[in-house]
Amino acid sequence: MALSFKKELEKYKDIDEDEILNKLSEDELKQLENALEELDPENALLPVGLRQKDQTAKRATGPFDRERLLAFLEKQAMECKDREDCVPFTGEKKGKTFVPRHKPVEIRREEKVTLDKELEEALAGATDTELCDLAAVLGVQNVLSGTQSYGGTGSSNAVSSVIKGEKAKPIVDEPPNPTNVEECLQRIKANDPGLTDINLNNIKNIPIPTLKDFAKALESNTHVKSLTLAATRSN
């Protein structure tokens, strides 16, 4: 059955559909439109113009002009008045305003230690040696540094001395390196026997080509034993 149906369809391959539509009368075209109405408008296999009935009764005004259509839509939107709100806007705030909760900050107050008058007078008139002995009895040996010497009269387990602040020792910067880079390079090239140690530390303005010249010159030098290049561009 399938083969016979295909053979019947082959005779319709050479038919010109446009020629047939041009020969139809107005009544026949309307009947054809009514028949096409029963087709599925969601059928993607049909052309867009054949998925639904043409319901436009007006004549075509001309070819499609996108810019003209956009201008018309914009003009129509500007001329159309906005719809009035059913409830006019008054700016009134409704509901409760949010107020963040602030937790109370706990302030720790230092407890004041009150001593007897006799004990305060004794501590006020005590010497450094007596205070060291008292600290040894109370067990605060770890408070003091090990470099401080013991000057009291207590046992060997006592603290060393009264705590005193030490002055910070200033750090003196190193003097600049006095080595003459160009002169040193010429002496290496000349294989000077008096040049055995080369110190180029902390000379940061040595060009990289000059450092390469040092490396090439040392290949033929037989007297240089050490070369230091700390804090230079070689790093």
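For the structure, check the block above.
Residues numbered from 1 in each chain as written. Predicted model: local features only at pLDDT ≥ 70, side-chain atom pairs only at ≥ 80, totals over all residues. Heavy atoms only, no water.

When helices and strands are counted, the protein shows 8 helices and 2 strands. What you see in the protein, going N to C, is helices and strands ordered as α-α-α-α-α-α-α-β-α-β. Long-range contacts, defined here as pairs at least 24 residues apart, represent 49% of the contacts in the protein between residues at least 6 apart. Carbon and sulfur atoms provide 53% of the accessible area of the protein, an area that totals close to 22600 Å². (Helix = DSSP H or I, 4+ residues; strand = E, 2+ residues; numbered from the N terminus. Contact = heavy atoms within 4.5 Å. Areas by Shrake-Rupley, 256 points an atom, 1.4 Å probe, with all protein chains shown as cover.)

Which parts of space are left empty comes out when a probe the size of a water molecule is rolled across the atoms. As a volume, the largest pocket reaches approximately 320 Å³. A breakdown of the residues in the lining of the largest pocket according to their chemical character gives 5 nonpolar, 2 polar and 2 charged. (1 Å grid on protein atoms, 1.4 Å probe; cavity = no way out; pocket = protein on both sides within 12 Å on 5 of 7 lines; lining within 4 Å. Points joined across faces, edges and corners; volume = space filled by probe spheres on them. Nonpolar A, V, L, I, M, F, W, Y, C, P; charged D, E, K, R; others polar.)

The next thing to look at is the nonpolar core. Ranked by size, the top nonpolar core spans 13 residues in total, and within it Val181, Cys184, Ile188, Ile198, Leu200, Ile206 and Phe214 carry the most contacts. Within the residue set of this core, elements represented by two or more residues are helix H7 (181–189) and helix H8 (208–220). Sorting elements by how many residues they give to this core places H7 first, with 4 residues. Contacts of Leu200, omitting those with residues within four sequence positions, involve Asn177, Thr179, Val181, Ile206, Phe214, Leu227, Thr228, Leu229, Ala230 and Thr232. (Core = buried A, V, L, I, M, F, W, Y, C linked by side-chain atoms within 4.5 Å. Buried < 20%, exposed > 50% of the residue type's maximum accessible area, 1.4 Å probe, protein only.)

Further remarks concern the pattern of salt bridges. Pairs can form between side chains of opposite charge whenever their charged atoms are close. Throughout the structure, instances matching the rule amount to 3 salt bridges. For the salt bridge of Lys23 with Glu19, the shortest nitrogen-to-oxygen distance reads 3.5 Å. Here the residue Lys23 and the residue Glu19 both occupy positions in helix H2 (residues 17–23), the gap between them amounting to 4 residues, near one helical turn. Since its relative accessible area comes to 41%, Glu19 is described here as partly exposed. (Salt bridge = Lys/Arg side-chain N within 4 Å of Asp/Glu carboxyl O.)

So, about the packing of H7 against H8. Between H7 and H8, whose axes approach to 9 Å, the crossing angle comes to 25°. Taken together, the axes of H7 and H8 are roughly parallel relative to one another. For the element pair H7 and H8, the recorded crossing hand is left-handed. Residue-level contacts link Val181, Glu182, Cys184, Leu185, Ile188 and Lys189 of H7 to Thr210, Asp213, Phe214, Ala217 and Leu218 of H8. Considering only residue class, the contact of H7 with H8 consists of 7 nonpolar, 1 polar and 3 charged. (Axes fitted to C-alpha atoms, helices over the stretch in contact; angles between N-to-C directions. Parallel < 35°, antiparallel > 145°, perpendicular 65-115°, else oblique. Left-handed = near helix turned anticlockwise from the far one by under 90°.)

The next thing to look at is a nonpolar patch on the surface. On the surface, Val113, Leu115, Leu119, Leu123, Leu131, Leu134 and Leu138 cluster together to form a nonpolar patch covering roughly 620 Å² of accessible area. Elements with a minimum of two residues in the nonpolar patch: helix H5 (117–124) and helix H6 (128–138). A total of 3 residues in the nonpolar patch trace back to one element, the largest contributor, which is H6. A residue is classified by how much of its surface remains accessible, and Leu123, at 34% relative accessible area, is partly exposed. (Patch = residues over 30% accessible without salt bridge, like charges linked within 9 Å, V, L, I, M, F, W, Y side chains within 5 Å.)

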